[in-house]
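Now for the letters of each chain:
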Amino acid sequence: LSMGPRLEMFENEMAKYTGRKYAVGVNSGTSGLHLSVRALGIQEGDEVITTPFSFIASANCILFEKAKPVFVDIDEESFNINPHLIEEKITKKTKAVLPVHVFGVPCSMDNILQLSKKYRLKIIEDACEAIGAKFKKKKVGSFGDTSVFAFYPNKQIATGEGGMVLVDNKQQAKIIRSMRNQGRGSGKSGFDHIRLGYNYRLDEMSAALGLMQLRRIEEINEKRKEVALKLNESLSGIEELELPYNPSESERSWFVYIVRFSEEVNRDEIPDYLRLKGVQTRPYFSPIHLTKFYRKKFGYCEKSFPIAEKVSKATLALPFFNQLSDKEIAYITVALKKAIVKLKKS
Ligand SMILES: *Cc1c(COP(=O)(O)O)cnc(C)c1O
């Protein structure tokens, strides 16, 4: 039920899919990010540059090792880390950049790779929301020193809990394998612990689920895209609404369907209004630096990262899943149009 053949198959096929040498299955995306930080030797006092507009795990994984997440504000179109603001945040303590392909839109990896070369920085690629996406024809998950996918129920591949770390470096792969399994070495005894390790193993049931979905990932992503494009079509022409970003040089994957409201709409009241019509929506994400924990720990306040904050206040996730029907899309559209008319600021 654990550490069996399905895990190995899932890992092998994942490595092949992303064009990487090694894949290590773990029990969540968060554990994958944590092991990445450890395997790259990031430790107390080090700094890692990342985005405040993400799921909290992409910053917490840096704190797990007492290193410091240094936030850089986002690009207003792609919602990803703004590559042009990274360089000014690099110090002697900077060890790595941790870009996140937010909502399935690939980060501008050209710029990030260039900076990593120039300053000898490691890259931890958080591809948890973006399996199948391509930056300039190259799959995400192939750019980082370590790259991480996640298989939580809302992701494109869902195993319940689960994640995968991709690397090309043999020694790093070995260390990550060992750390996910209580720091075991290659000794035959079950008590050959040679380093600090964890129980971050991906169980066989989850691996089996992941493997079967990976084998039809093109179909899954195609279906998600089809639904997203139908939503785009149905919602187009609403003046107060900006539809999800469509990168020109890259190919996105569809994790969530996020719309942005213009300033004259009272976005905060939209979810309650739509809930009464049976349409569930919610803000996605709340900036990491404005969570209670980060405010308290680092003293962040409003206006620290204005674009991330502005985007977070103006966007909502709409219902989005493979089986969303044409009828439901039409219903959502009508409800949303009514909500916008009703909730215009006067
Ligand atoms: C889902 C996700 C993770 C990992 O989440 P887990 O729930 O631990 O699998 C990490 N980063 C981002 C951006 C995510 O969306």
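Residues numbered from 1 in each chain as written. Predicted model: local features only at pLDDT ≥ 70, side-chain atom pairs only at ≥ 80, totals over all residues. Heavy atoms only, no water.

### What to know about the packing of aromatic side chains
Here is step 1 of the chain: Inspection of every chain in the model, using the stated rule, returns 21 aromatic pairs.
Here is step 2 of the chain: On the numbers, 5.8 Å between centres and 80 degrees between planes, the contact of F53 with F103 is edge-to-face. Taken together, the residues F53 in the loop between β2 (47–50) and α3 (57–63) and F103 in the loop between β4 (94–98) and α4 (109–119) connect sequence positions 50 residues apart.
Here is step 3 of the chain: Since its relative accessible area comes to 4%, F103 is described here as buried.
Here is step 4 of the chain: Aromatic side chains F79 and F103 sit 6.3 Å apart centroid to centroid with 85 degrees between the ring planes, which places their arrangement in the edge-to-face category. Of the two residues, F79 is situated in the loop between β3 (68–71) and β4 and F103 in the loop between β4 and α4; the sequence distance between them amounts to 24 residues. (Phe/Tyr/Trp six-rings, centres within 6.5 Å; stacked < 30°, edge-to-face > 60°. Helix = DSSP H or I, 4+ residues; strand = E, 2+ residues; numbered from the N terminus. Buried < 20%, exposed > 50% of the residue type's maximum accessible area, 1.4 Å probe, protein only.)

### Looking at the sheet that holds strand β13 (residues 315–318)
Strand pairing in a sheet is mediated by backbone hydrogen bonds. Such pairs are either parallel or antiparallel.
Here is step 1 of the chain: One open sheet holds the three strands; their spatial order is β10-β12-β13, and the pairing between them is antiparallel. Two strands in the sheet have a free side with no partner beyond their single neighbour: β10 (241–242) and β13.
Here is step 2 of the chain: The pairing of strand β12 (residues 257–261) with β13 spans four bridges and is classified as antiparallel. Bridging from a neighbouring strand, Y257 pairs with L318 of β13.
Here is step 3 of the chain: Lying over the sheet, helix α7 (residues 217–235) contacts β10, β12 and β13, oriented at roughly 25 degrees with respect to β12. (Pairing = 2+ DSSP bridges. Contact = heavy atoms within 4.5 Å. Axes fitted to C-alpha atoms, helices over the stretch in contact; angles between N-to-C directions.)

### Here's the deal with the side chain of N181
Here is step 1 of the chain: Looking at the secondary structure, you find N181 in the loop between α5 (170–180) and α6 (204–214).
Here is step 2 of the chain: You can call N181 buried: its relative accessible area is 14%.
Here is step 3 of the chain: At 2.9 Å, the side chain of N181 and the side chain of R184 are in polar contact.
Here is step 4 of the chain: Dropping the residues within four chain positions of it, N181 is found in contact with M3, Y198 and R201. (Polar contact = N/O pair within 3.5 Å; in protein donor to acceptor, adjacent residues only side chain to side chain.)

### Focus on the site of the ligand
Here is step 1 of the chain: Taken together, the neighbourhood of the ligand is formed by S28, G29, T30, L33, S54, F55, V100, D126, C128, E129, A150 and K155.
Here is step 2 of the chain: Between an oxygen atom of the ligand and a main-chain N or O atom of G29, the distance comes to 2.8 Å.
Here is step 3 of the chain: T30 places a side-chain nitrogen or oxygen 2.4 Å from an oxygen atom of the ligand.
Here is step 4 of the chain: The fraction of the free accessible surface of the ligand (380 Å²) that becomes covered by protein chains is 93%.
Here is step 5 of the chain: Mapping the ligand onto the cavity grids shows that it belongs to the second largest pocket.
Here is step 6 of the chain: Among the elements that take part in the shell around the ligand, helix α2 (residues 29–39) stands out by supplying three residues, more than any other.
Here is step 7 of the chain: Grouping the amino acids of the shell around the ligand by side-chain chemistry returns five nonpolar, four polar and three charged. (Near = heavy atom within 4 Å. Areas by Shrake-Rupley, 256 points an atom, 1.4 Å probe, with all protein chains shown as cover. 1 Å grid on protein atoms, 1.4 Å probe; cavity = no way out; pocket = protein on both sides within 12 Å on 5 of 7 lines; lining within 4 Å. Sits in = over half its atoms within 2 Å of the grid points. Nonpolar A, V, L, I, M, F, W, Y, C, P; charged D, E, K, R; others polar.)

### Quick notes on the pairing of β4
It is a general feature of regular strands that their side chains alternate between the two faces of the sheet.
Here is step 1 of the chain: Burial within β4 is extensive, with four of its five residues counted as buried.
Here is step 2 of the chain: Of the strand pairs in this sheet, β2 and β4 are connected by four bridges, and their pairing is parallel. Bridged to T50 within β4 is L98.
Here is step 3 of the chain: Inspection of the sheet shows β4 paired to strand β5 (residues 122–126) by two bridges, in the parallel sense. Note on β5: the bridge partner recorded for A96 is K122.
Here is step 4 of the chain: Crossover handedness for the path β4 to α4 to β5: right-handed. (Right-handed = clockwise from strand over helix to strand, strands pointing away.)

### Thoughts on the side chain of D126
Here is step 1 of the chain: With respect to the helices and strands, D126 occurs in strand β5.
Here is step 2 of the chain: The charged side chain of D126 is buried without a salt bridge, its nearest counter-charge being K155 at 6.9 Å.
Here is step 3 of the chain: Polar contacts involving the side chain of D126 include one to the main-chain amide nitrogen of C128, which spans 3.0 Å.
Here is step 4 of the chain: When near neighbours in sequence (up to four residues on either side) are disregarded, D126 contacts L33, S58, L98, P99, V100, H101 and V148. (Lys, Arg positive; Asp, Glu negative; His and termini not counted. Salt bridge = Lys/Arg side-chain N within 4 Å of Asp/Glu carboxyl O.)

### Some words on α4
Here is step 1 of the chain: Where α4 is concerned, the buried positions are M109, I112, L115 and S116. Taken end-on, α4 shows its buried residues confined to a sector of 130 degrees, consistent with a single buried face. Facing away from the buried side of α4 by more than 90 degrees, the exposed set consists of Q114, K117 and K118.
Here is step 2 of the chain: Where α4 is buried, its residues meet β4, β5 and β6 (134–135).
Here is step 3 of the chain: At the exit of α4 stands R120, carrying a positive phi of roughly 50 degrees. (Arc of directions from axis to C-beta.)

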